[in-house]
Amino acid sequence: SQQGEEDPQALSIQEGENATMNCSYKTSINNLQWYRQNSGRGLVHLILIRSNEREKHSGRLRVTLDTSKKSSSLLITASRAADTASYFCATFTGGFKTIFGAGTRLFVKA
Amino acid sequence: DTGVSQNPRHKITKRGQNVTFRCDPISEHNRLYWYRQTLGQGPEFLTYFQNEAQLEKSRLLSDRFSAERPKGSFSTLEIQRTEQGDSAMYLCASSLPGTPYEQYFGPGTRLTVT
């Protein structure tokens with residue numbers, strides 16, 4: 001079963017706009033990560049936020065984490081056509097297991 | 001290229017046949033993971049190795065599935081008597097022991113069972 005639920009399932013925006021994706025999860029976590037997957041390819045790790053952090057930035061990415069609401073958001077600013085991909089949140093609860101959500105499919109129109 | 005590699009990239013097989021996939025992790029990574037991903041879903045954990053030891057198996061991994069990592073380097077995932085429901089992308093990932101959550105994924109093997 002998948003722990004994370006992403007919202008929206010799909011998002012279509014114009015190049016230059018910002019894209020926001022949300023993730024909710026069910027159990028306590030050590031950290032939460034966001035991955036990107038281009039069509040037919042493997043996943044690429046984007047950013048990790050630890051359970052004691054509230055916000056993190058990396059380039060055009062901004063991630064927030066609210067452990068009281070068991071939710072996270074990923075903001076991509078000034079989107080580009082190359083950002084078109086599926087984005088997954090993944091939670092790590094310790095040990096070895098990383099659990100992925102169902103993903104948000106982002107389409108950026110040039 | 002020193003990333004995770006998987007072979008073959010695509011496999012089409014008839015129902016009832018056996019298939020085997022290979023994963024070569026990043027050389028210094030002692031942890032190796034197999035995931036299955038169906039269309040429109042995120043990856044689902046199948047199994048995990050630390051060196052050559054298989055330490056965890058998901059209940060998704062039926063008796064028809066077996067995975068090995070004989071020398072703690074590459075790994076193989078075999079599916080016996082394939083069924084149409086086995087059609088999926090099979091992803092392999094590896095990580096360093098100190099950062100098990102920072103997994104590096106291969107491009108995957110897409111299996112189609114006809």
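Residues numbered from 1 in each chain as written. Chains lettered and ligands numbered in written order. Predicted model: local features only at pLDDT ≥ 70, side-chain atom pairs only at ≥ 80, totals over all residues. Heavy atoms only, no water.

Caption draft 1: Fine view of the overall build of chain B. Helix and strand counts for chain B stand at 0 helices and 11 strands. Secondary structure elements of chain B, listed N to C terminal, follow the sequence β-β-β-β-β-β-β-β-β-β-β. Against the globule reference of 13 Å for 114 residues, chain B gives a C-alpha radius of gyration of 13 Å, in line with a compact fold. Taking the principal axes of its C-alpha atoms as reference, chain B extends roughly 40 × 25 × 25 Å. Per-residue burial for chain B yields a buried fraction of 47% across its 114 residues. For chain B, restricting intrachain contacts to residue pairs at least 6 apart in sequence, the fraction spanning at least 24 positions comes to 54%. Surface accessibility of chain B: about 5700 Å² in total, with carbon and sulfur atoms responsible for 44%. Looking at charge distribution, chain B has the averaged site of its 14 positive side-chain charges lying 7 Å from that of its 12 negative ones. (Helix = DSSP H or I, 4+ residues; strand = E, 2+ residues; numbered from the N terminus. Rg over C-alpha atoms; globule rule 2.2 N^0.38 Å. Buried < 20%, exposed > 50% of the residue type's maximum accessible area, 1.4 Å probe, protein only. Contact = heavy atoms within 4.5 Å. Areas by Shrake-Rupley, 256 points an atom, 1.4 Å probe, with all protein chains shown as cover. Lys, Arg positive; Asp, Glu negative; His and termini not counted. Charge placed at Lys NZ, Arg CZ, Asp CG, Glu CD.)

Caption draft 2: Geometry of the packing of aromatic side chains. The full count for this structure, using the stated rule, is 9 aromatic pairs over all chains. Note on Phe92(A) and Tyr101(B): the rings are 5.3 Å apart at their centroids and 65° apart in plane angle, and the pair reads as edge-to-face. On the criterion of chain membership, the pair formed by Phe92(A) in strand 9 (residues 85-92) and Tyr101(B) in the loop between strand 9 (88-95) and strand 10 (104-105) is interchain, its members lying in two chains. When its relative accessible area of 4% is taken as the criterion, Phe92(A) is described as buried. Ring pairing ties together the aromatic residues Tyr35(A), Phe100(A), Tyr35(B), Phe45(B) and Phe105(B), which thus form one cluster. Geometry around Phe74(B) places Arg22(B) over its ring, the cationic atom sitting 3.9 Å from the centre. (Phe/Tyr/Trp six-rings, centres within 6.5 Å; stacked < 30°, edge-to-face > 60°. Lys NZ or Arg CZ within 6 Å of the ring centre and 35° of its normal.)

Caption draft 3: Spatial organisation of the sheet that holds strand 7 (residues 65-68) of chain B. All names here are of chain B. Pairing is antiparallel in the open sheet, where 4 strands are placed in the order 1-3-8-7. Since the sheet does not close on itself, it has two edges, and those belong to strand 1 (5-7) and strand 7, each with one partner. The sheet shows a mean angle of 15° between the axes of neighbouring strands, direction not considered. Pairing of strand 1 with strand 3 (residues 19-24), which is carried by 3 bridges, proceeds in the antiparallel orientation. Residue pairing for strand 3: Ser-5 is matched across the bridge by Asp-24. (Pairing = 2+ DSSP bridges. Axes fitted to C-alpha atoms, helices over the stretch in contact; angles between N-to-C directions.)

Caption draft 4: Geometry of the pattern of salt bridges. Residues and elements named next belong to chain B. Summed over the entire model, instances satisfying the criterion amount to 5 salt bridges over all chains. The residue Arg-64 makes a salt bridge to Asp-86 at a minimum N-O spacing of 2.8 Å. Residue Arg-64 is found in the loop between strand 6 (53-57) and strand 7, and its partner Asp-86 is found in the loop between strand 8 (75-79) and strand 9; the two are separated by 22 residues along the sequence. Here Arg-64 and Asp-86 have matching classes, each one buried. A single salt-bridge network, built from bridges that share partners, covers Arg-64, Glu-83 and Asp-86. (Salt bridge = Lys/Arg side-chain N within 4 Å of Asp/Glu carboxyl O.)

That's the geometry; what it means functionally is another story.
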